[in-house]
Amino acid sequence: MTTLLFAVTAADHWTLNDGSKHPTGYWAEELVESHRTFIDAGWDVTVATPGGKAPVVDEGSLAVDANGGDEQKVADQKSYLASIESILSSPAVLEEQKASDFDVVFVPGGHGPMEDLAVSESFGALVVDFLDANKVVSAVCHAPAALLPAVRSDGTWAFDGYELTGFTDEEETQAGLADKAPWLLETRLRENGAKFENADAWSPHVVVDRNLYTGQNPASTRPLAEKLVSALK
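Procedures and definitions
- Residues numbered from 1 in each chain as written.
- Predicted model: local features only at pLDDT ≥ 70, side-chain atom pairs only at ≥ 80, totals over all residues.
- Heavy atoms only, no water.
- Buried < 20%, exposed > 50% of the residue type's maximum accessible area, 1.4 Å probe, protein only.
- Helix = DSSP H or I, 4+ residues; strand = E, 2+ residues; numbered from the N terminus.
- Arc of directions from axis to C-beta.
- Contact = heavy atoms within 4.5 Å.
- Polar contact = N/O pair within 3.5 Å; in protein donor to acceptor, adjacent residues only side chain to side chain.
- Salt bridge = Lys/Arg side-chain N within 4 Å of Asp/Glu carboxyl O.
- Axes fitted to C-alpha atoms, helices over the stretch in contact; angles between N-to-C directions.
- Left-handed = near helix turned anticlockwise from the far one by under 90°.
- Nonpolar A, V, L, I, M, F, W, Y, C, P; charged D, E, K, R; others polar.
- Expected span 1.5 Å × (residues − 1).
- Pairing = 2+ DSSP bridges.

Participant: What is the right way to read helix α7 (residues 185-192) from this model?
Facilitator: One turn of the α-helix equals 3.6 residues, which is why residues spaced by three or four share an orientation. Along α7, the residues classified as buried are Leu185, Glu186 and Leu189. Down the axis of α7, the smallest arc covering the buried residues is 95 degrees, so these residues share one side. Against α4 (112-115), β8 (163-164), α6 (169-175) and β9 (195-196) lie the buried residues of α7. Positive phi shows up at Gly193, right after α7, with a value of about 115 degrees.

Participant: When you look at the side chain of His111 in this model, what are you seeing that I'm missing?
Facilitator: Note that His111 resides in the loop between β6 (104-107) and α4. A polar contact of 3.2 Å, which involves the side chain of His111, links it to the side chain of His142. Among residues more than four places away in sequence, those in contact with His111 are Trp14, Thr24, Gly25, His142, Glu172 and Leu177.

Participant: Could you clarify how one ought to interpret the pairing of strand β1 (residues 3-7) in this entry?
Facilitator: A regular strand carries its side chains on alternate faces of the sheet. The element β1 is extensively covered by neighbouring structure, given that five of its five residues are classed as buried. Of the two faces of β1, the one lined by Thr3, Leu5 and Ala7 and the one lined by Leu4 and Phe6 are each fully buried.

Participant: I would appreciate a short explanation of the pattern of salt bridges in the present structure.
Facilitator: When the charged atoms of two side chains lie near each other, side chains of opposite charge can form a pair. Under the criterion given, the structure shown has seven salt bridges. Note that Lys73 and Glu29 form a salt bridge whose closest N and O atoms lie 3.2 Å from each other. One end of the pair, Lys73, is in helix α2 (residues 71-83); the other, Glu29, is in helix α1 (residues 28-40), with 44 residues separating them in the sequence. A salt bridge links Glu33 to Arg222; its shortest N-O distance comes to 2.8 Å. One end of the pair, Glu33, is in helix α1; the other, Arg222, is in helix α8 (residues 221-231), and 189 residues separate them in sequence. Taking relative accessible area as the criterion, Glu33 reaches 9% and is therefore assigned buried. Connected via shared salt-bridge partners are Glu33, Arg36, Asp76 and Arg222.

Participant: It is not clear to me how the environment of Val64 should be interpreted in this structure. Could you clarify?
Facilitator: Its place among the elements puts Val64 in the loop between β4 (44-49) and α2. For the pair Val64 and Val74, spaced 10 residues apart in sequence, the C-alpha separation works out to 6.4 Å. Those residues in contact with Val64 that sit more than four places away from it in its chain are Gly69, Asp70, Glu71 and Val74.

Participant: Honestly, the packing of α1 against α2 in this entry has me stumped. Any pointers?
Facilitator: A pair of packed helices is characterised by two quantities: the angle between their axes and the separation of those axes. Relative to each other, α1 and α2 sit at 60 degrees, their axes nearing to 10 Å. Of the two elements, α1 crosses α2, and the hand of that crossing is left-handed. Contacts between α1 and α2 involve Ala28, Glu29, Leu31, Val32, Glu33, His35, Arg36 and Ile39 on the former and, on the latter, Lys73, Asp76, Gln77, Tyr80 and Leu81. Here the residues of the contact of α1 with α2 are counted per class, giving six nonpolar, two polar and five charged.

Participant: I'm lost on the environment of Val137 in this one. Help?
Facilitator: For Val137, the position within the fold is in strand β7 (residues 136-140). Take Val137: its relative accessible area is 2%, and that puts it in the buried class. Expressed as a C-alpha distance, the spacing of Val137 and Leu212, which sit 75 residues apart in the sequence, is 5.0 Å. What Val137 contacts, discounting residues up to four positions off in sequence, is Val105, Val127, Phe130, Leu131, Leu147, Phe159, Asn211, Leu212 and Tyr213.

Participant: So what exactly am I meant to see when it comes to α2 here?
Facilitator: Look at α2: 18 Å from first C-alpha to last across 13 residues, which is about the 18 Å you get at 1.5 Å a residue. Next to the buried residues of α2 lie α1 and α3 (85-88). Where α2 begins, the capping side chain belongs to Asp70, and its oxygen is found 3.1 Å from the backbone nitrogen of Gln72.

Participant: Where do I start with the environment of Pro204 in this structure?
Facilitator: Secondary-structure assignment places Pro204 in the loop between β9 and β10 (206-209). It is 5.1 Å that separates the C-alpha atoms of Pro204 and Ala219, two residues lying 15 residues apart in sequence. Beyond its immediate chain neighbours, meaning those up to four positions away, Pro204 contacts Asn217, Ala219, Ser220 and Pro223.

Participant: Can you walk me through the pairing of β6 in this structure?
Facilitator: Every second residue of β6 is oriented toward a common face, with Val104 and Phe106 on one face and Val105 and Val107 on the other, all of them buried. Bridge count between β6 and β7: four bridges; the pairing is parallel. Note that in β7 the partner of Val104 across the bridge is Val136.

Right, dumping it as structure tokens:
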């Protein structure tokens, strides 16, 4: 059975460049569609957060407008989240997890990872452990921010030269937060040495390079999860 570490942000806000706190958390579609795909595939999934703190959903991700006007889609997300409430309310402590216990680490997005996982040295070290053990590392939308602290002892970034994707500067601009953001994900990943690839804004897009699997935006979540399941059969 494939074992997966499902690393979820514990942040409930994103600190903007003026010091204000933008309410956030995980993005519902990204958590729901990925978790459901992995469970349906029969995988053993361990949900973990920094400090073992119960994660919170970005309420904006449950707005009908944020889901293409599809009320049924929102109802489905709320129903699934309710069905796994006991799991989300008592996650494992992320800092206590070891790469040797898992085949894959997956990070769903939302702006939350920009606040906590992006600056977590312990998570960065864990990601390096996964990478060096030739295990799969995967993240979607804003969650590739969690790859940023994956720095080796010699100071080099573990993903320098890797092809990957994530939430684009264009999408952040269209979402209305680019001018308030302390930093932009695409820009930061490029600066670190990633070969950033993007499709049209909001279109599903998945990039695979070696054992790194990334998705561009919420719509990329299910295709990314399905590609992981297929690859690990």
